[in-house]
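Summary of structural features
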Amino acid sequence: MVTEPVQDSAAVAVAPLVRPLVPNDLDALTPLDEAYAAAVGAEAHVNRGSLHFFGRSGHSFVAESADGSPLGFVLAHSTWTGGLPALRLERLVAAPGDDAADTAAALAEAVVKSAYDAGVYRLNAEVPTVDDVGLTALTRAGFVQRDVVAFGRRLGSAGTSGTRA
C-alpha cells in the first residue's frame, strides 16, 4: 500500500480570491492604499472617483481572504492612442504580511489575463523602486524592467505645496 505524504496545512499557502474591483470597495481599500502610499512616498490613489473609473476598466481587481477581508488590490486601465491599445498598471498593493508576495503576484497575473482576454498586448507599469513586493510580483508575471526615467509635474496649487508628482 502506497500512501501520499500529508502536508502540514499551516505550510500550504492558499491563493487569495481575486475579483473585479467595485466602487463599494472604498472603505476596505482606503486604509491599504494610505498605508502603501506612506510606505513608498507616494500619494494615495483610492477615492470614490478613482474606484468608479478603475471599476469600469475591466482590468482592476481586489484580492480577498476566504472571510472577505481585503488582502490587496490592483488599479489598471487600457488606453488607445490611435495605434495599438496599451494597458497601464497604476497601483499594485498587497497588505503587509507573510502572503504579500503571493497576493501581489495573483493580482499581477489577473491584470495580465484580463489584458490578454481583451486583446491588449502592450502592458506598462510604474512601481516605486522601494516596493520590493510589487517589483517581484511584476517580474513573476512576465514584466521586464526597462531603462527609462519617469518624469512628473504637478500644476496649480498642488505643484507649489510640496506634493509629489
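Look up a bit, the structure's there.
A short tour of the structure in this document, coming up. (Residues numbered from 1 in each chain as written. Predicted model: local features only at pLDDT ≥ 70, side-chain atom pairs only at ≥ 80, totals over all residues. Heavy atoms only, no water.)

1. Some words on the environment of proline 31
Checked against the element boundaries, proline 31 lands in helix 1 (residues 26-40). Sequence separation between proline 31 and valine 46 is 15 residues; the distance between their C-alpha atoms is 9.2 Å. (Helix = DSSP H or I, 4+ residues; strand = E, 2+ residues; numbered from the N terminus.)

2. Digging into the sheet that holds strand 1 (residues 17-20)
Across the sheet, which stays open at both edges, the five strands sit in the order 1-2-3-4-5 with mixed pairing between neighbours. Edge positions in the open sheet fall to strand 1 and strand 5 (122-125), since each of these has one partner strand only. Strand-to-strand twist in this sheet, taken as the mean axis angle between neighbours without regard to direction, amounts to 25 degrees. Two elements, strand 1 and strand 2 (residues 61-64), share four bridges in a ladder whose sense is antiparallel. Bridge pairing in strand 2 places leucine 17 opposite glutamate 64. This element, helix 2 (residues 48-57), spans strand 3 (70-80) and strand 4 (85-94) of the sheet and lies at about 70 degrees to strand 3. (Pairing = 2+ DSSP bridges. Axes fitted to C-alpha atoms, helices over the stretch in contact; angles between N-to-C directions. Contact = heavy atoms within 4.5 Å.)

3. Side note on the layout of surface pockets
Here the largest pocket is characterised by a volume of approximately 1400 Å³. Ala125, Glu126, Val127, Pro128 and Ala150 are the residues nearest the centre of the largest pocket, which is lined by 34 residues in total. Elements with a minimum of two residues in the lining of the largest pocket: helix 1, strand 4, strand 5 and helix 4 (132-140). No other element matches the five residues that strand 4 contributes to the lining of the largest pocket. Of the voids in this model, the second largest pocket is the one considered here, and its volume is about 220 Å³. (1 Å grid on protein atoms, 1.4 Å probe; cavity = no way out; pocket = protein on both sides within 12 Å on 5 of 7 lines; lining within 4 Å. Points joined across faces, edges and corners; volume = space filled by probe spheres on them.)

4. What about the packing of helix 3 (residues 100-117) against helix 4?
The geometry of helix 3 relative to helix 4 is characterised by a closest axis approach of 8 Å and an angle of 45 degrees between their N-to-C directions. Between helix 3 and helix 4, the angle falls in the class oblique. Where helix 3 crosses over helix 4, the handedness of that crossing is right-handed. Along the contact surface, helix 3 presents Ala100, Ala101, Asp102, Ala104, Ala105, Ala108 and Glu109, while helix 4 presents Val133, Ala137, Leu138 and Arg140. Class assignment of the residues belonging to the contact of helix 3 with helix 4 gives a composition of eight nonpolar, no polar and three charged. (Parallel < 35°, antiparallel > 145°, perpendicular 65-115°, else oblique. Left-handed = near helix turned anticlockwise from the far one by under 90°. Nonpolar A, V, L, I, M, F, W, Y, C, P; charged D, E, K, R; others polar.)

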